[in-house]
Amino acid sequence: MSGKTVLVTGSTGGIGKETARGLARLGADVILVGRNADRAEAAAAELRRDTGNSGIEALTADVTSQDDLRRLAEQVLARAGGLHVLINNAGVTKERRELTADGVETAFAANVLAPFTLTHLLLPALRRAGRGRVINIAGGVPRGRIDLGNLQGEKSYVGLAFYNQTKLALMAMSYAFAERLPEPGITMNVAYPGHAYTSMNKNLTTSAYPLAARPIVPLLRLLMPVLYGGEAVGKAATSSIRLASDPGVAEAHGVYFNSNAQRAPWPASVRDRRNRDAIWALCRELSRIEG
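Could you clarify how one ought to interpret the packing of aromatic side chains in this entry?
Following the criterion strictly, the structure yields six aromatic pairs and no others. On the basis of an interplanar angle of 35 degrees and a centroid distance of 4.7 Å, the ring pair of Y157 and F162 is categorised as tilted. Summarising the burial analysis for this pair, Y157 and F162 share the class buried. Clustering of aromatic rings is evident, with ring pairs tying together F116, F177 and W280. Across the ring face of W280, the terminal group of R180 is positioned such that the distance to the ring centre comes to 4.5 Å. The ring of Y175 is capped by R276, whose NZ or CZ atom sits 4.0 Å from the centre of that ring.

In structure tokens, the structure reads:
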């Protein structure tokens, strides 16, 4: 990856930071993106020390904000050289429905709309690289239905259940984006990381869980650090690191990769064109991006 530039959103902790660490070890110049400037700088300093790679820098943006995404894109586009890999990793889960300053439900804004917007805005930088790769990170439990009448939690909202739907919606949006990408030199794929115990799920209260799971939440809190902490967080970065770096998948486009970085079938709800078209149309409307 020497001489290549990678941007990873949500990379100040968890799977995103481990993805950035792995790519930095391969010699890539890595741009970390986080909401908090101090935390982002601390993460960049840690990775520089750990990997011996001085080409790691931090930028600050709240991916739930359309203005912040545009400012971030301007900073990246102003850099010399292109962007070889964009990894849309940042994810949000909320205990209750909240709207952003743009009037968008927060989890949908981070998990679906942000990858849609940022990828569109950074297409010129990806073109400049010659062969650009876009990798969108799925999550949760990637199965079930997409409720087109509840894409922003308008009808019902249970934190983790809605998070699962936003990640399915991300997959549907990514499939639609890959279909529409005009440049043969730019690829877009989805990577499923598997489960990991990160700050995003550590702080969830019982009310964020579906009703049937709430009685076992105390047990889950005991088991998750054992089953999905430590090395599991690093393993969860395997698929995204491979998609960003492996020449063997350079031609893969519009493909879903599982946690072992193997090709996997898209969920049925993602294969449903009605879902893809509806989510694409909503993202266009909310982002004010034509495409």
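There is more to say, and it comes next.
Would you mind going over the environment of G140 with me for this structure?
As for its position among the elements, G140 is in the loop between β5 (132–137) and α5 (159–180). With 20 residues separating them in the primary sequence, G140 and L160 have C-alpha atoms 7.9 Å apart.

Would you take a moment to explain the pattern of salt bridges for this structure?
Oppositely charged side chains may form a pair once their charged atoms are brought near each other. Tallying each qualifying case throughout the model produces 17 salt bridges. E18 serves as the salt-bridge partner of R21, at 3.1 Å between the closest nitrogen and oxygen. Linking R21 with E18, this pair stays in helix α1 (residues 14–25), spanning three residues, or about one helical turn. Overall, the relative accessible area of 21% leaves E18 in the partly exposed class. Across the pair R180 and D277 runs a salt bridge, and its minimum N-O distance is 3.7 Å. Highlighted residues: R180 in helix α5 and D277 in helix α11 (residues 273–287), separated in sequence by 97 residues.

Can you help me understand unusual backbone geometry in this one?
Note: most residues except glycine have negative phi, and most peptide bonds are trans. Even without a glycine there, the phi angle at A261 is positive, about 60 degrees. Mapped onto the elements, A261 comes out in the loop between β7 (256–257) and β8 (263–264).

Parameters at a glance
- Residues numbered from 1 in each chain as written.
- Predicted model: local features only at pLDDT ≥ 70, side-chain atom pairs only at ≥ 80, totals over all residues.
- Heavy atoms only, no water.
- Phe/Tyr/Trp six-rings, centres within 6.5 Å; stacked < 30°, edge-to-face > 60°.
- Buried < 20%, exposed > 50% of the residue type's maximum accessible area, 1.4 Å probe, protein only.
- Lys NZ or Arg CZ within 6 Å of the ring centre and 35° of its normal.
- Helix = DSSP H or I, 4+ residues; strand = E, 2+ residues; numbered from the N terminus.
- Salt bridge = Lys/Arg side-chain N within 4 Å of Asp/Glu carboxyl O.

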